[in-house]
Amino acid sequence: MLAATSIPGKIVKDTTVPAGANNYVSEIPPGRRLRIIDIGGQQAVDFLAFDLSNTEIRYNNANSIKLNRTIYVTKGFKLYSDVAEVLMTVVEDSVGRHDTIGGACSSQVNKLRYGIEGTCACRDNFLVALAGRGMSAKDIHANVNFFMNVPVEADGSAEIVEGLSTPGDFVELRADKPTLVVMSNCPQFYNPCSGWNPTPIRVVEWDPQ
Ligand SMILES: [Zn+2]
């Protein structure tokens, strides 16, 4: 945890986000750092990003996979938009693997997969967060999942498995464009994306000095 909480600059925002029906929304100016700390370990954080100057331009998963030549996110991974601009870059990562393909959990998929109705889910957290910005379901796009682990096998099969992060691991992004970020601290109890036990995250925004 010591490395995660050592901030070599001026802290602008420092927020703890519980798991459950919660979200984190922020406008990040270019150069600002966004550090996401996994307090308890193995905690998926579903992440949307938009060009703040025109939120119809969003993070584009397929572009990012093509241009980074990998489906796994780690230090150096650039988050490209629909029009191939770099919205953000991963500048630090103590884990080494985050997911691009698993998408956000939803009560509908939970019902199909686990037979349980009315579960708390990232899609609903996104909808609440987006509504606060005058945005809606059409703004939800294929997203990055920090701290989530979805290995793809040689035969193409893929499954959500337990994450590689331990308490105090963190990932940090730098905004390269003015960016709107929307996060859901995943409340999933029914698969291992959040270690079967969703826990809080800490989000620190800071400016290098
Ligand atoms: Zn989720």
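Remember, predicted model here, so these are calculated numbers, not experimental data.

Cut-offs used in this document
- Each chain has its residues counted from 1, running along the sequence as written.
- Local features in a predicted model are, by the rule used here, given only for residues with pLDDT of at least 70; side-chain atom pairs are given and counted only at 80 or more, and totals for whole chains, interfaces and linings are based on all residues.
- Only hydrogens and water are set aside; all other atoms, that is, all heavy atoms of the structure, feed into the side-chain values.
- Secondary structure is summarised from DSSP: a helix means a run of H or I of at least four residues, a strand means a run of E of at least two, and numbering begins at the N terminus for each.
- In this description the radius of gyration comes from C-alpha coordinates, and the expected globular size is given by 2.2 Å times residues to the power 0.38.
- Exposure classes here rest on a 1.4 Å probe applied to the protein chains alone. A residue is buried below 20% of its type maximum, exposed above 50%, and partly exposed in between.
- Here, two residues are considered to be in contact whenever any of their heavy atoms come within 4.5 Å of each other.
- With residues, only the protein chains shown are counted as cover, and all accessible areas are computed by Shrake-Rupley using a 1.4 Å probe.
- Note on donors: an N, O or S atom is included if it sits within 2.8 Å of the metal, or within 3.2 Å for Na, K and Ca, and water is never included, so sites can look incomplete.
- Points on a 1 Å grid over protein atoms alone make up a cavity when a 1.4 Å probe fits among them but cannot get out, and a pocket when they form an open set with protein on both sides within 12 Å along at least five of seven lines; lining residues each have an atom within 4 Å of a point.
- Grid points are joined across faces, edges and corners, and a volume is the space filled by probe spheres set on the points.
- Gly is put with the polar residues, along with every residue not named as nonpolar or charged; the nonpolar set is Ala, Val, Leu, Ile, Met, Phe, Trp, Tyr, Cys and Pro, and the charged set is Asp, Glu, Lys and Arg.
- Any two strands between which DSSP finds at least two bridges are classified as paired.
- Axis lines are fitted to C-alpha atoms, over the contacting stretch for helices. Their N-to-C directions set the angle, which ranges from 0 to 180 degrees.
- Of all possible arcs, the one meant is that of the directions from the helix axis to the C-beta atoms.
- To qualify as a nonpolar core, a set must consist of buried Ala, Val, Leu, Ile, Met, Phe, Trp, Tyr and Cys residues joined through side-chain atoms within 4.5 Å.

1. With respect to the overall build of the protein chain
For the protein chain, the count of helices and strands is four helices and 10 strands. Order of helices (α) and strands (β) in the protein chain, N terminus to C terminus: α-β-β-β-β-α-β-β-α-α-β-β-β-β. Here the C-alpha atoms of the protein chain give a radius of gyration of 16 Å, agreeing with the 17 Å that 2.2 N^0.38 yields for 209 residues. On the principal axes, the C-alpha backbone points of the protein chain span a range of 50 × 40 × 40 Å. Taking all 209 residues of the protein chain together, 49% fall into the buried category. Across the protein chain, contacts joining residues at least 24 apart in sequence account for 75% of those joining residues at least 6 apart. When the accessible surface of the protein chain is summed, it comes to about 9000 Å², and 53% of that surface belongs to carbon and sulfur atoms.

2. Thoughts on the coordination of the zinc ion
Distances from the zinc ion to its protein donors, namely Cys-105 (SG), Cys-122 (SG) and Cys-186 (SG), fall within the range 2.2 to 2.3 Å. Expressed as a motif, the donor residue spacing for the zinc ion is C-x16-C-x63-C. Of the two residues, Cys-122 is situated in helix H4 (residues 122–131) and Cys-186 in the loop between strand E9 (179–185) and strand E10 (201–208); the sequence distance between them amounts to 64 residues. Residue Cys-186 is classed as buried on the basis of its relative accessible area of 2%.

3. Some thoughts on the layout of surface pockets
Its volume calculated, the largest pocket comes out at about 150 Å³. The wall of the largest pocket is formed by 16 residues, among which Gly-102, Ala-104, Cys-105, Arg-113 and Ile-160 lie closest to the centre. Sort the elements by how many residues they give to the lining of the largest pocket and helix H3 (residues 107–114) lands first, with four residues. Looking at the lining of the largest pocket residue by residue, the class counts come to eight nonpolar, six polar and two charged.

4. Points about the sheet that holds strand E7 (residues 144–146)
On the basis of which strands lie adjacent, the open sheet formed by four strands has the order E2-E9-E4-E7 and antiparallel pairing. Because the sheet does not close on itself, it has two edges, and the strands there are strand E2 (24–28) and E7. Each strand axis lies, on average, 25 degrees off the axis of its neighbour in the sheet, ignoring direction. The sheet contact formed by strand E4 (residues 45–51) and E7 spans three bridges and is antiparallel.

5. Let's talk about H4
Every buried residue of H4 is accounted for by Cys-122, Asn-125, Phe-126, Ala-129 and Leu-130. Taken around the axis of H4, the buried residues stretch over an arc of 130 degrees, which confines them to a single face. The outward face of H4, more than 90 degrees from its buried face, is lined by the exposed residues Val-128 and Ala-131. Against E2, E4 and E9 lie the buried residues of H4.

6. Overview of the nonpolar core
In summary, soluble globular proteins display a tendency toward joint burial of nonpolar side chains. Residues Leu-34, Ile-36, Phe-47, Met-88, Phe-146 and Leu-173 are the most contacted members of the largest nonpolar core, which totals 26 residues. Contributing elements (two or more residues each) for this core: E2, strand E3 (33–38), E4, strand E6 (86–93), E7, strand E8 (169–175), E9 and E10. Dropping the residues within four chain positions of it, Ile-36 is found in contact with Val-45, Phe-47, Phe-146, Phe-147, Asp-169, Phe-170, Val-171, Leu-173, Met-183, Ile-201 and Arg-202.

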